[in-house]
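Listed below, chain by chain, are the residues.
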Amino acid sequence: MSEPAATTKLRNTGIILSVIILLVAVSFITQLARAETLEIELRIRDHLFFPDTLVIPANQKVRIRIFNEDPTPEEFESFELNREKVIAGNSQTVIFIGPLKEGEYFFFGEFFPKTAQGVVIVE
Amino acid sequence: MFLNAVVIVLQEILEAALILSLFLAFVRYLNLENNDSVLRRRIWVTLSIIFGILLAWTYSHNFSRISDSFDYVGLEITNASIHSISCFFLVLFAWLLPPQQLIFDVSHRLLTLTLCMGIVVMLAILREGSEIMQLVGGILNQGQAGPPIFYGGVVGAGIGVSIGVLLYYALTGLSRERSLRTCVLLLALTTGNMAAQTILLLNQADWLPFTPTAWDTGGLLSESSVLGQLAYALIGYEATPSIMQVGAYTLGLVIVLLSPISRLAWSTWHGKAS
């Protein structure tokens, strides 16, 4: 059941070509997705969030880059956003949220919940 | 700081304590007819706790490095991996669990069962322990609020362990059949919970696409309430889960709930063979 060498070669070329096309398509889509993501910054200082109100558009994926400027760790937590992440002292991190519907989504710092409070307003 | 530390440590300890209690109840079920000789519980429990704490220490020691990896979503990726590995061993445990009357014929399988339990408990302690170490270590380094955090942690851990002990006695107080059924149900809920957590973490890291919220039961049972928190720790309650989370939860739940099929098939086959 051996096939002619030319057919095998043609088939292999076809497979390689389609893999390349697929890879290009995937990377293109990933780039597109990246471009659509909005980035906003949030800082933690003296166990407070700056700014404590983040206004973002509806139906938009957002990358929140959090800078913890305190020497103590903090945990970004939000029941409404279903997000929870520990941020070490003097470091930064990233949390993706959305796309979200219009509304208010509260968040707080679980390690210092009395002071570290904020809200994401989607409009 | 005191009350805060109580709540955080309680939340973390509770999850690990519940898993451990559940497994100990299984062990007791397996041991009932065998004079406690089938599974020596002390060894694997002690070992998995020690290894869990060692791993948690390593994790929190390299916390920043892990956190910065994968373009700052390293924590999500690591935790999602830990959760999915736990899921795998929970499912394996459920399907390998032998019918009680056949335990003597499958002593070779008990090692695998013990390994499953050990790994899941170890990973639970790794997950929860590293977070406690992060909180305690980070704040103690500042030289402030040491005693309140320490005592808060001790109280939180005490309450968590107590709830675990209560669950163990509640489970073992039931009749044998009912106890096994409840244990399998709790095992299924734990598996579903972990599967859903994996999805949530990968969503948070943007490694999985967004899916809309399946429902909102926030009005019925708020996640921030005490009952909501308990339900979160026990069965992974979320007021607003995404469709993909619900799917993963259901899948994990169903796979474990179907595991009695293996015991049934086993008994039947064994009955024919002998």
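No experiment lies behind these values; they were computed from the predicted model shown.

Parameters and conventions
Residues numbered from 1 in each chain as written. Chains lettered and ligands numbered in written order. Predicted model: local features only at pLDDT ≥ 70, side-chain atom pairs only at ≥ 80, totals over all residues. Axes fitted to C-alpha atoms, helices over the stretch in contact; angles between N-to-C directions. Helix = DSSP H or I, 4+ residues; strand = E, 2+ residues; numbered from the N terminus. Parallel < 35°, antiparallel > 145°, perpendicular 65-115°, else oblique. Left-handed = near helix turned anticlockwise from the far one by under 90°. Nonpolar A, V, L, I, M, F, W, Y, C, P; charged D, E, K, R; others polar. Core = buried A, V, L, I, M, F, W, Y, C linked by C-beta atoms within 7 Å. Buried ≥ 20, exposed ≤ 12 C-beta atoms within 10 Å, placed from the backbone. Contact = placed C-beta atoms within 7 Å. Expected span 1.5 Å × (residues − 1). Pairing = 2+ DSSP bridges. Domains from an automatic or database assignment.

### Some points on the packing of helix α1 (residues 2-31) of chain B against helix α6 (residues 146-173) of chain B
A pair of packed helices is captured by two measures, namely the crossing angle of their axes and the spacing between those axes.
All names here are of chain B.
Next up, step 1: At a minimum axis separation of 6 Å, α1 and α6 run at an interaxial angle of 25°. Judged by the angle between their axes, α1 and α6 are roughly parallel. Considering only the axes of α1 and α6, their crossing is right-handed.
Next up, step 2: Looking at the contact of α1 with α6, its residues break down into 26 nonpolar, eight polar and one charged.

### A look at the nonpolar core
All names here are of chain B.
Next up, step 1: Counting residues in hydrophobic clusters, the biggest one holds 93 residues, and the most contacted among them are I19, L22, F23, V120 and V121.
Next up, step 2: The dominant element in this core, judged by the number of residues it contributes, is α1, at 19 residues.
Next up, step 3: Excluding residues that lie within four positions of it along the chain, V121 makes contacts with I19, L20, F23, S48 and G52.

### Remarks on the environment of B:L90
Residues and elements named next belong to chain B.
Next up, step 1: One can find L90 in helix α4 (residues 74-96).
Next up, step 2: Considering only alpha carbons, one finds L90 and A16, 74 residues apart in sequence, at a separation of 14 Å.
Next up, step 3: Apart from residues no more than four positions distant in its own chain, L90 is found in contact with V120, L187, T190, T191 and V256.

### Focus on helix α7 (residues 176-204) of chain B
For an α-helix, 3.6 residues make a turn, and residues three or four places apart therefore share a direction.
Next up, step 1: Helix length check: α7(B), at 29 residues, gives a terminal C-alpha distance of 42 Å against a target of 42 Å (1.5 Å per residue), a fit within 8%.
Next up, step 2: Backbone geometry just after α7(B) places B:D206 at a positive phi near 65°.

### Topic: the interface of chain A and chain B
Next up, step 1: Chain A puts 21 residues into the contact, and the matching count from chain B is 25 residues.
Next up, step 2: Broken down by secondary-structure element, the contributors of at least two residues to the side of chain A that touches chain B are β6 (83-87) and β7 (91-97) of chain A.
Next up, step 3: Broken down by element, the residue count for the side of chain A that touches chain B peaks at six residues, all from β7(A).
Next up, step 4: Its residues assigned to classes, the side of chain A that touches chain B comprises 11 nonpolar, six polar and four charged.

### Comments concerning the sheet that holds β6(A)
Residues and elements named next belong to chain A.
Next up, step 1: Ordered in space as β3-β9-β8-β5-β6, the five strands form an open sheet in which the pairing is mixed. Across the chains shown, the open sheet's two edge strands, defined by having one partner strand only, are β3 (53-56) and β6. The mean inter-strand angle of the sheet, taken between neighbouring strand axes irrespective of direction, is 20°.
Next up, step 2: Sheet analysis places β3 next to strand β9 (residues 117-122), joined by four bridges and oriented parallel. Looking at β9, one finds that T53 is bridged to V119.

### As for the domain arrangement of chain A
Next up, step 1: Segmenting chain A into domains produces domain 1 (1-36) and domain 2 (37-122).
Next up, step 2: Between domain 1 of chain A and domain 2 of chain A, the C-alpha centre-to-centre distance is 41 Å.

### Notes on the sheet that holds strand β4 (residues 62-68) of chain A
Residues and elements named next belong to chain A.
Next up, step 1: On the basis of which strands lie adjacent, the open sheet formed by four strands has the order β2-β1-β4-β7 and mixed pairing. The open sheet has two edge strands, β2 (48-50) and β7, and neither has a second partner. Neighbour to neighbour, the strand axes of the sheet diverge by 25° on average, direction disregarded.
Next up, step 2: With three bridges connecting them, strand β1 (residues 38-45) and β2 associate as antiparallel partners. By the bridge assignment, R45 is partnered in β2 with L48.

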